[in-house]
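A structural walkthrough
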Amino acid sequence: MKIAPSVLAADYLRLGESVRAVENADMLHLDIMDGHFVPNISFGPDVVRALRGESRLFFDVHLMLTHPRRYLESFRSAGADGITVHVECEDDVAETLREIREMGLQPGLSLKPGTPVERLVPFLPLCGMVLVMTVEPGFGGQRFMADQTEKLRFLKKAAPGVLLEVDGGINVETARICRDAGAEVLVAGTSVFGAPDVSAALAELQRL
Ligand code: DX5
Ligand code: ZN
């Protein structure tokens with residue numbers, strides 16, 4: 001299992017220290033929110049650029065934006081290695097995924113809990129990774145939505161070559177459920193950065 005700690009849950013007073021504490025994870029998950037596509041605002045390209053100098057991890061940028069296409073270049077130049085957009089966004093999804101790949105980045109596609117997984121099918125050939133949300137996007141620390149794991153099983157069959165990532169309410173217990181449903185990358189915010197010992201919490205997930 002690959003682990004992608006989510007910076008949204010990190011200590012914003014010591015962001016560099018928080019990111020260094022998870023340097024032996026596999027990816028760093030960076031949640032970008034515009035206050036429109038989701039009812040929260042997080043951080044932008046300048047924060048990603050600042051963290052780029054502190055970490056050698058794969059920067060897994062999760063754009064929860066109504067118009068993600070406008071920001072692809074900003075996040076590429078800030079140091080993104082992969083950019084994930086939502087199928088519910090208002091840009092042309094196929095064009096956006098193509099543009100991410102043309103930039104040399106890993107194209108990812110995500111869907112909200114209320115969106116049927118079939119909506120992704122036309123775009124799967126364009127995806128390097130699919131991100132299944134197991135909470136309503138916008139905030140960390142929410143309860144895991146177990147019914148969403150059905151989408152993992154569907155995608156495992158429908159898109160065997162595509163990396164499967166899961167995001168929201170992931171801890172040691174829910175991680176097992178997601179692993180058994182086919183997840184390969186686990187995003188974990190609160191369960192890692194909210195733990196008294198961040199490195200130990202990460203190691204516990206890595207032992208899965
Ligand atoms: C929510 C974000 C998630 C969130 C995960 O909109 O996409 O990445 O930060 O946080 P936890 O692990 O606390 O649910
Ligand atoms: Zn996320």
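Please refer to the structure placed before this passage.
Conventions adopted
- Residues numbered from 1 in each chain as written.
- Chains lettered and ligands numbered in written order.
- Predicted model: local features only at pLDDT ≥ 70, side-chain atom pairs only at ≥ 80, totals over all residues.
- Heavy atoms only, no water.
- Helix = DSSP H or I, 4+ residues; strand = E, 2+ residues; numbered from the N terminus.
- Rg over C-alpha atoms; globule rule 2.2 N^0.38 Å.
- Buried < 20%, exposed > 50% of the residue type's maximum accessible area, 1.4 Å probe, protein only.
- Contact = heavy atoms within 4.5 Å.
- Areas by Shrake-Rupley, 256 points an atom, 1.4 Å probe, with all protein chains shown as cover.
- Lys, Arg positive; Asp, Glu negative; His and termini not counted.
- Charge placed at Lys NZ, Arg CZ, Asp CG, Glu CD.
- Donors = N, O, S within 2.8 Å, 3.2 Å for Na, K, Ca; no water.
- Tetrahedral: all angles 85-135°; square planar, octahedral: opposite > 155°, others 65-115°.
- Arc of directions from axis to C-beta.
- Salt bridge = Lys/Arg side-chain N within 4 Å of Asp/Glu carboxyl O.
- Pairing = 2+ DSSP bridges.
- Right-handed = clockwise from strand over helix to strand, strands pointing away.
- Near = heavy atom within 4 Å.
- Polar contact = N/O pair within 3.5 Å; in protein donor to acceptor, adjacent residues only side chain to side chain.
- Phe/Tyr/Trp six-rings, centres within 6.5 Å; stacked < 30°, edge-to-face > 60°.
- Lys NZ or Arg CZ within 6 Å of the ring centre and 35° of its normal.

1. Describing the overall build of the chain
Secondary structure assignment for the chain yields eight helices and eight strands. The C-alpha radius of gyration computed for the chain amounts to 15 Å, which stays within 12% of the reference 17 Å derived for 208 residues, consistent with globular compactness. When its C-alpha atoms are laid out on the principal axes, the chain stretches across 40 × 35 × 30 Å. Going through the 208 residues of the chain one by one, you find that 55% of them count as buried. The long-range share in the chain, meaning contacts at least 24 apart out of those at least 6 apart in sequence, stands at 62%. Working note: accessible area of the chain is about 8900 Å², and carbon and sulfur atoms make up 51% of it. Distance between charge centroids for the chain: 3 Å, based on 21 positive and 29 negative side chains.

2. Digging into the coordination of the zinc ion (ligand 2)
For the zinc ion (ligand 2), the full set of protein donor atoms is His29 (NE2), Asp31 (OD), His62 (ND1) and Asp167 (OD), and the range of their distances to it is 2.0 to 2.3 Å. One way to put it: the six donor atoms around the zinc ion (ligand 2) meet at angles of 71 to 169°, and that makes the site octahedral. As a motif over one chain, the donors of the zinc ion (ligand 2) read H-x1-D-x30-H-x104-D. Taken together, the positions of histidine 29 in strand 2 (residues 27-33) and histidine 62 in strand 3 (residues 58-64) put the pair 33 residues apart, joining distant regions of the chain. The class of histidine 29 is buried, set by a relative accessible area of 0%. Overall, the relative accessible area of 0% leaves histidine 62 in the buried class.

3. Thoughts on helix 6 (residues 172-180)
Here helix 6 has its buried residues at Val172, Thr174, Ala175 and Cys178. Along the axis of helix 6, the buried residues cluster in a sector spanning 160°; they form a single face. Exposed and oriented more than 90 degrees from the buried face of helix 6 are Glu173 and Asp180. Following helix 6 by one or two positions, glycine 182 has its phi on the positive side, about 115°.

4. Considering the pattern of salt bridges
The final tally for this structure, using the stated rule, is 11 salt bridges. Aspartate 11 serves as the salt-bridge partner of arginine 14, at 3.1 Å between the closest nitrogen and oxygen. Since its relative accessible area comes to 30%, aspartate 11 is described here as partly exposed. Through salt bridges with shared partners, a single network forms among Arg69, Glu95, Arg98 and Glu99.

5. Focus: the pairing of strand 5 (residues 106-111)
The buried count for strand 5 comes to six of six residues, which makes it a mostly enclosed element. Side chains of strand 5 alternate between two faces, with Gln106, Gly108 and Ser110 and Pro107, Leu109 and Leu111 buried alike. Summarising the sheet, strand 4 (residues 82-86) and strand 5 pair through five bridges and their orientation is parallel. Across the sheet, residue histidine 86 finds its bridge partner in strand 5, namely serine 110. Assessed by its sense of winding, the connection that carries the chain from strand 4 through helix 4 (residues 93-102) to strand 5 is right-handed. Here strand 5 pairs with strand 6 (residues 129-133) via four bridges, running parallel. If you follow glycine 108 over to strand 6, its bridge partner there is methionine 129.

6. Some words on the site of ligand 1
Neighbouring ligand 1 are 20 residues, the closest being Gly138, Asp167, Gly169, Gly189 and Thr190. Side-chain polar atom of aspartate 31 to an oxygen atom of ligand 1: 2.8 Å apart, as the coordinates give it. The backbone of glycine 138 places a nitrogen or oxygen atom 2.7 Å from an oxygen atom of ligand 1. Contact with the protein chains removes 99% of the 380 Å² of surface that ligand 1 exposes when unbound. Contributions of two or more residues to the shell around ligand 1 are made by strand 2, strand 3 and strand 8 (185-188).

7. Looking at the packing of aromatic side chains
Counting across every chain of the model gives zero aromatic pairs. Positioned over the ring face of phenylalanine 59 is arginine 52, at 3.8 Å from the centre of the ring. Cation over ring: lysine 112 sits above phenylalanine 37, and NZ or CZ is 4.3 Å from the ring centre.

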